[in-house]
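So you can see what is in the structure, the chains are spelled out below.
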Amino acid sequence: MSEKVKLTAKEKSELWIEGIVTVILLLMLNFALLVLINQMIAHNPGLENAIWGVKTNLTFGRGGFHLWSWSNLFLTMMAIADVIVVYWRLARRYRQMQMRHVIAELHYIADGHLDHRIKFEVNTELQKVVSSINALVDSTVNSMAEERRIEQSKDELITNVSHDIRTPLTSIIGYLGLIEDHQYRSDEELLKYTHTAYLKAKQMKVLVEDLFEYTKVKSTTTKLNPVRFNMIAMLEQLAASFELEAHKKHMRILVSGEPNPLMMEADTEKLGRVFNNLIVNALKYGQGGRHIFLDAQRIGSEVVVKVSNDGAQIPNDSLNQLFDRFYRVEESRSQETGGTGLGLAIAQSIIALHGGYIYADSSPELTSFVIHLPLKVGASLTDKPKHSNEEAGK
């Protein structure tokens, strides 16, 4: 809670001395003025007669009281003026002391105590300065925290990329080394070595392409190429392109939506990357599932698209991290069971470029990736649910 500035004993003494000195000076001034006016009246009979005439003609109240003593009125007016001057002087000195306390607090914060805030109450104008200082410190702390988070994110990026590149690169060098040293017994073994090196090189190529795509969509200069299209028709086209692969997994892809046609604006090339990734994930990780559902609904000024499957449930702990870079539900980071871990991060960035957001829900019955997009490019959706993963890990 805010409290008033607590003055030190020295500061209180300063205020008392200031008040006493001011009172003494004012009393001396009052006495000098009183003596000076008395002398002027005594040496000027005309002025004295004029004052007498005013006193006899000037009355107050119903009883017609006369003002017989001008000195009493003068002293009363001077006393009122003295009180005002003393109050103004003390208030001015108190504000100076408040400013000293604010400056001392500011120096304390500047010395590295960024968790400290100025909590005491001061005068209205200075209070605005205090509020601005606290807001500036909050902003600085948030910026520093964001900078540390970005730095940590870069370190994690380098670590993950190094791991994912080193593993296939080690295999490539190993097998090519065997070939270079002629350590193979037959042409079949030679072909096996070259084929393995080729597959590992393709894995590296996929990682590099995903890294390039992620960097591109995260850039603030990335531009969209919006076109007007039918979202339901796009989903039907995607379902047809994955029909054979789904058949091999004993799964069916079902498309639904309302209204049909559902016309909207978006960059279809980038959205295609998002839906491709989500469908591939459903085919790869939806173990035990028999259906993949693609559903699009127009709700007000936005389009809600769900890519769902009835396969295995995603653990709640993993749901909160799905959109982190390089995160995989399986922790082995094997290229045999998972991709680069960048697909969902890329999808999230593409949806954000469109002014929308994406999040995941999972239950034993259905796992869904829910995408909210504005009908027109340039609009931005701000009514995000609490479980939205708009920020990585949130």
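Residues numbered from 1 in each chain as written. Predicted model: local features only at pLDDT ≥ 70, side-chain atom pairs only at ≥ 80, totals over all residues. Heavy atoms only, no water.

- The chain is annotated in an unreviewed UniProt entry as histidine kinase of Lacticaseibacillus zeae subsp. silagei.
- Its UniProt record gives the chain the following Catalytic activity (unreviewed entry) comment, quoted word for word: "ATP + protein L-histidine = ADP + protein N-phospho-L-histidine."
- On record in UniProt, under Subcellular location (unreviewed entry), the comment for the chain is "Cell membrane". (UniProt positions renumbered as here; feature names shortened; annotations may be inferred.)

### Examining the overall build of the chain
Part 1: Secondary structure summary: the chain contains ten helices and eleven strands in total.
Part 2: Here the chain, with 394 residues, has 35% of them falling under the buried criterion.
Part 3: The long-range fraction of contacts in the chain, counting pairs at least 24 apart against all pairs at least 6 apart in sequence, stands at 70%.
Part 4: Carbon and sulfur atoms form 58% of the exposed surface of the chain, whose accessible area is close to 24700 Å². (Helix = DSSP H or I, 4+ residues; strand = E, 2+ residues; numbered from the N terminus. Buried < 20%, exposed > 50% of the residue type's maximum accessible area, 1.4 Å probe, protein only. Contact = heavy atoms within 4.5 Å. Areas by Shrake-Rupley, 256 points an atom, 1.4 Å probe, with all protein chains shown as cover.)

### Remarks on the sheet that holds strand β11 (residues 367-374)
Part 1: Read from one edge to the other, the open sheet built from five strands follows the order β6-β8-β9-β11-β10, with strand pairing classed as mixed. The open sheet has two edge strands with one neighbour each: β6 (252-258) and β10 (357-362). Geometrically, the sheet is characterised by an average inter-axis angle of 15° between neighbouring strands, direction not taken into account.
Part 2: Relative to β11, β10 runs antiparallel, the two sharing six bridges. The residue bridging Y359 from the neighbouring strand is V370, located in β11.
Part 3: With respect to the sheet, helix α6 (residues 231-241) is in contact with β6, β8 (291-299), β9 (302-309) and β11, its orientation differing from that of β6 by roughly 175°.
Part 4: Along the sheet, helix α10 (residues 343-353) contacts β10 and β11; its crossing angle with β11, the most-contacted strand, is approximately 25°. (Pairing = 2+ DSSP bridges. Axes fitted to C-alpha atoms, helices over the stretch in contact; angles between N-to-C directions.)

### Description of a nonpolar patch on the surface
Part 1: Judged by side-chain polarity, W16, I17, I20, V21, I24, L25 and M28 come together as a nonpolar surface patch covering roughly 760 Å² of accessible area.
Part 2: Residue class for I24 comes out partly exposed when judged on its relative accessible area of 43%. (Patch = residues over 30% accessible without salt bridge, like charges linked within 9 Å, V, L, I, M, F, W, Y side chains within 5 Å. Salt bridge = Lys/Arg side-chain N within 4 Å of Asp/Glu carboxyl O.)

### What to know about the pattern of salt bridges
Part 1: All told, the structure shown has seven salt bridges when counted by the stated rule.
Part 2: Note that R117 and D138 form a salt bridge whose closest N and O atoms lie 2.7 Å from each other. Of this pair, R117 sits in the loop between α3 (70-110) and β4 (120-121) while D138 sits in helix α4 (residues 124-180), and the two are 21 residues apart along the sequence.
Part 3: In this structure D138 comes out as partly exposed when scored by relative accessible area, which is 33%.
Part 4: Salt-bridge contacts for R149 lead to E146; the nearest nitrogen and oxygen are separated by 2.7 Å. Of the two residues, R149 and E146 are both situated in helix α4; the distance of three residues between them amounts to about one turn of the helix.
Part 5: Exposure remark for R149: the relative accessible area of 46% places this residue in the partly exposed category.
Part 6: By relative accessible area, which is 35% here, E146 ends up partly exposed.
Part 7: Ionic contacts of the salt-bridge type, sharing partners, join the residues E18, R89 and R93 into one network.

### Digging into a negative patch on the surface
Part 1: A surface patch of negative charge is lined by E147, E151, D155 and E156.
Part 2: For E147, the location among the structural elements is in helix α4. (Lys, Arg positive; Asp, Glu negative; His and termini not counted. Charge placed at Lys NZ, Arg CZ, Asp CG, Glu CD.)

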